[in-house]
Amino acid sequence: MGSPARRIGLGMLLIPLGLVPVMPAPASAQAPQYITQWGTSGSGNGQFDHPVGVAVNAAGEVFVADKGNHRIQKFSGTGVFLMQWDLPGGDGYFDLPEGLATNAAGDLYVGDAGLHRIQRFSGTGAFIDEWYGSADPAFGWYLPVKEPRGLAIGANGEVYVADAGNGYVQKFTGGGGHLVDRWVGGVPSGIAVDAAGNAYVTWDNTVRTFTSGLTYLTQWGSAGSGEGQFNIPRGVAVDAAGNVYVADTDNHRIQEFTNTGNYVAQWGSEGSGDGQFSYPWGVATDAAGYIYVADTNNNRIQKFGHLPTPTKPTTWGRLKRTYR
């Protein structure tokens, strides 16, 4: 508001202050807001038995690794059931599927944790290929995949694998079977790759970042329940703006960070209400910036988004002061 009128003489003086704009306060970081959910406990279409992995393709379709039901389910972005598959035996058969990722062509990669392999399908569930590891002379031995928990796809189609059973992050060519790079140590769980090719890995109670060549960059986080701390984080996702979302599983919440590890916001608490979680596992984002969370023990998928923050409208008025 403008400064008050000055007293410049005797008697009554009315001085209009003119048009005084009232500007909105600067916006603060807001946690994404709850939008919708779908799923119940069971084995029917649209039901789940401990969903863990979640991925979204360019068309906004959502794939879910329905771990306890040993199958993949596919939904629209609003939760409408589209299809499911679990082919009996052999190719397309699953034993505890966990990690999911989609490439630019719409293919779906599945980390089949119980069978220790990666399978690739078309977006309609047609089997394409699979691999169990890599025999690469550059590394001197055959390196099998063991309990692949997290998957991510790089800009050039490379497949990054959080190989929890071996304690590696492995990087393969898009067709699989050829090992490109690896990083050893700890127990990686979730993995995401940003537009620049940097990888983000949930590893013990930290998030560790790597270049596209799996050269270690930095890490953040420690054990605990405070801001920026973790209690067994699982899934991780990066949106188009570079925001990093981490499923802080045993703290029953999602935390958001910048791509350099600065804490931004968090949401969720233990429970079954809207926006609450019971051991959230997988997290994924779509091109529009919506966030999908596999709320594992609640047997559902929840969807969140950074909805527009209402702003205080700009107002105008005329003020008068009376002086005697």
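Residues numbered from 1 in each chain as written. Predicted model: local features only at pLDDT ≥ 70, side-chain atom pairs only at ≥ 80, totals over all residues. Heavy atoms only, no water.

S.K.: Can you help me understand the sheet that holds strand S23 (residues 253–257) in this one?
M.R.: Whenever strands of a sheet pair, they do so through backbone hydrogen bonds, lying parallel or antiparallel. The strand order S21-S22-S23-S24 describes an open sheet built from 4 strands, whose pairing is antiparallel. In this open sheet, the two edge strands, each paired with only one partner strand, are strand S21 (233–238) and strand S24 (263–267). Strand-to-strand twist in this sheet, taken as the mean axis angle between neighbours without regard to direction, amounts to 20°. The pairing of strand S22 (residues 244–248) with S23 spans 5 bridges and is classified as antiparallel. Paired with Val246 across the two strands is Gln255, which belongs to S23. (Pairing = 2+ DSSP bridges. Helix = DSSP H or I, 4+ residues; strand = E, 2+ residues; numbered from the N terminus. Axes fitted to C-alpha atoms, helices over the stretch in contact; angles between N-to-C directions.)

S.K.: When you look at the sheet that holds strand S15 (residues 168–172) in this model, what are you seeing that I'm missing?
M.R.: Taken in spatial order, the 4 strands make up an open sheet running S13-S14-S15-S16, and their pairing is antiparallel. Every interior strand has two partners, whereas the edge strands, strand S13 (148–153) and strand S16 (179–184), have only one. The average angle at which neighbouring strand axes cross in this sheet is 15°, direction not considered. Relative to strand S14 (residues 159–163), S13 runs antiparallel, the two being bridged by 5 bridges. Residue pairing in the sheet places Gly150 in a bridge with Ala162 of S14.

S.K.: Sorry, what's going on with unusual backbone geometry here?
M.R.: Working note: non-glycine residues mostly have negative phi, and peptide bonds are mostly trans. Its identity as a non-glycine residue notwithstanding, His116 has a phi of 55°, on the positive side. Locating His116 in the fold gives a position in the loop between strand S8 (108–112) and strand S9 (117–121). According to the relative accessible area criterion, His116 is partly exposed, its value standing at 32%. Phi at Asn299 is positive, roughly 50°, even though this residue is not glycine. (Buried < 20%, exposed > 50% of the residue type's maximum accessible area, 1.4 Å probe, protein only.)

S.K.: I tried to follow the side chain of Thr249 on my own but got confused; where do I start?
M.R.: By the secondary structure assignment, Thr249 is in the loop between S22 and S23. Polar contacts involving the side chain of Thr249 include one to the main-chain amide nitrogen of Arg234, which spans 3.5 Å. With near-sequence residues (within four places) excluded, Thr249 lies in contact with Asn231, Ile232, Pro233, Arg234, Tyr279, Pro280 and Trp281. (Polar contact = N/O pair within 3.5 Å; in protein donor to acceptor, adjacent residues only side chain to side chain. Contact = heavy atoms within 4.5 Å.)

S.K.: How should the environment of Thr78 be read in this particular structure?
M.R.: Mapping Thr78 onto the fold places it in the loop between strand S5 (71–75) and strand S6 (81–85). As for Thr78 and Val62, which are separated by 16 residues in sequence, their C-alpha atoms are 8.9 Å apart. A polar contact of 3.0 Å, which involves the side chain of Thr78, links it to the side chain of Ser76.

S.K.: So what exactly am I meant to see when it comes to the nonpolar core here?
M.R.: Soluble globular proteins tend to pack their nonpolar side chains together in the buried interior. Core analysis: the biggest nonpolar cluster contains 13 residues, and Tyr109, Ile118, Trp131, Leu151, Val159, Val161 and Phe172 have the highest contact counts within it. Contributing elements (two or more residues each) for this core: S13, S14 and S15. Judged by nonpolar contacts, the second largest core, of 12 residues, contains Ala65, Trp85, Leu108 and Phe121. (Core = buried A, V, L, I, M, F, W, Y, C linked by side-chain atoms within 4.5 Å.)

S.K.: Which parts of the structure should I look at to understand the confidence of the model for the protein chain?
M.R.: Interpretation of this model should avoid reading the predicted coordinates in detail wherever pLDDT is low. Mean pLDDT over the protein chain stands at 86; residues scoring 70 or higher make up 83%. Considering only residues more than four positions removed or in separate chains, one finds that residues 1–28, a stretch of pLDDT under 50, has 45 contacts. (pLDDT = per-residue confidence, 0-100.)

S.K.: Is there a simple way to explain the environment of Glu270 in this structure?
M.R.: Mapped onto the secondary structure, Glu270 falls in the loop between S24 and strand S25 (280–285). The sequence separation of Glu270 and Asn251 amounts to 19 residues, and the corresponding C-alpha distance is 7.7 Å. When sequence neighbours within four positions are dropped, the list of residues in contact with Glu270 reads His252, Gln276 and Phe277.

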